[in-house]
Amino acid sequence: LTNRGLTYDYLGKSDAAIADYNQALSINPNFHLARINRGTAYATINKDELALADFNEVLKNQPGNKEALDSRGNLFTKQKKFEQALNDYNSILKQDPHFTNALNKRANVYIEQDRYEEAMNDYRRVLAIDPKNKTALFNIGNAYQNKNLFDSSIHYADEALRVDPAYHLARNLRALALFSAGNTDQAAAELNTVLKAQPTLVEALNTKGMMMAWQAQYDSAVYYYNKALYLRPGFTDVLNNRGLGYYNQGLYELAVRDYE
C-alpha cells in the first residue's frame, strides 16, 4: 500500500496516495514511513496543518527520525518559517554531519535569508562528500544566477548536466542564465529542449513567460504563467511575473491581485 502510494505521489495523484497511506495506517498506526509519506502528500496539496500533524506525530515517538525532520523542515521552508526549518535541518546534521540532503536544504534556506557565504560553505561541503552531487551543483549555479554572475551560473549548470544530461532543472537554469546574459537565441533553444522533454516543469514555464514578456508578447507570457500556476498555485515568482504582465497590458486590478 505504501509503495503504491509513493507511485501515486510520483504521478501527481496525491488524493489516491493519501487513500493508500490511510489504509496502511489503519492496519499499523505505528508505521512511521506511511505517516511521513502521507504528511508529504498533504503538503503537496497545501493541507499544511495535516502535514505538520503527521510529522509531529512521528517525531513525538521518534524524536531523531531524520526523514520526519527533513520533511518537516521542507514544510517550514515552504511556509517561509526559516528558523524552524533550520532547527530541523540542524537536528539532522548533529546526528549525521554527512547527510548531504540536509546540507543542501539548509543552504537553500541560507540563500532565502541572504546568507550567501554560509550557503556556499554548505554546498561545497556537499561536493566534498559527493563531487557528483547534481543538486549541489545546480544550487550553486542558482545562487550565482541570483547574484547576476551569469557565467558562473552557466558553468555550474553545465557541471550538473555533465553528471545527468536529463537534469531538466539544470538545463532550465542554463537557459535562464543565457537569457539574462543576452544570449536570447541560445537560451530559447535550450528552453525548447527542456519543455519538449518535460512540458510540466513549472520553472521552465516561468522562464518561457519571462522570455515572451521580454519580447513584449504579454498575452503569451501570461499564458505560460497561467500554466505554471495551474500546476503550482503558490509559486510566488510566477505570480509576481504574471502581475507584471498584466500591468504592461493595462490590467491593473489583475496585477494588484497577483502582487497581493
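Higher on the page you've got the structure.
Quick caveat: nothing in here was measured; it's all calculated off a predicted structure. (Residues numbered from 1 in each chain as written. Predicted model: local features only at pLDDT ≥ 70, side-chain atom pairs only at ≥ 80, totals over all residues. Heavy atoms only, no water.)

Tell me about the nonpolar core, and name the residues and values.
Counting 47 residues, the largest nonpolar core has Tyr-123 and Ile-140 as the members making the most contacts within it. Among all residues touching Tyr-123, those that are not within four sequence positions of it are Asn-104, Ala-107, Asn-108, Ile-111, Ala-136, Asn-139 and Ile-140. Within the second largest apolar cluster, 22 residues are counted, among which are Ile-154, Phe-179, Ala-187 and Val-194. (Core = buried A, V, L, I, M, F, W, Y, C linked by side-chain atoms within 4.5 Å. Buried < 20%, exposed > 50% of the residue type's maximum accessible area, 1.4 Å probe, protein only. Contact = heavy atoms within 4.5 Å.)

Run through the side chain of Gln-145, naming residues and quoting values.
With respect to the helices and strands, Gln-145 occurs in helix 9 (residues 134–146). There is a polar contact of 3.1 Å between the side chain of Gln-145 and the side chain of Ser-180. Not counting residues within four places of it along the chain, the set of residues in contact with Gln-145 comprises Phe-150, Ser-153, Leu-173, Leu-176, Ala-177 and Ser-180. (Helix = DSSP H or I, 4+ residues; strand = E, 2+ residues; numbered from the N terminus. Polar contact = N/O pair within 3.5 Å; in protein donor to acceptor, adjacent residues only side chain to side chain.)

Lay out the environment of Leu-103 with the relevant residues and their values.
The residue Leu-103 is located in helix 7 (residues 100–112) in this model. For Leu-103, a relative accessible area of 0% puts it in the buried group. The sequence separation of Leu-103 and Pro-131 amounts to 28 residues, and the corresponding C-alpha distance is 14 Å. The contact partners of Leu-103, leaving out residues within four places of it in the chain, are Leu-93, Pro-97, Asp-122, Arg-125, Val-126 and Ile-129.

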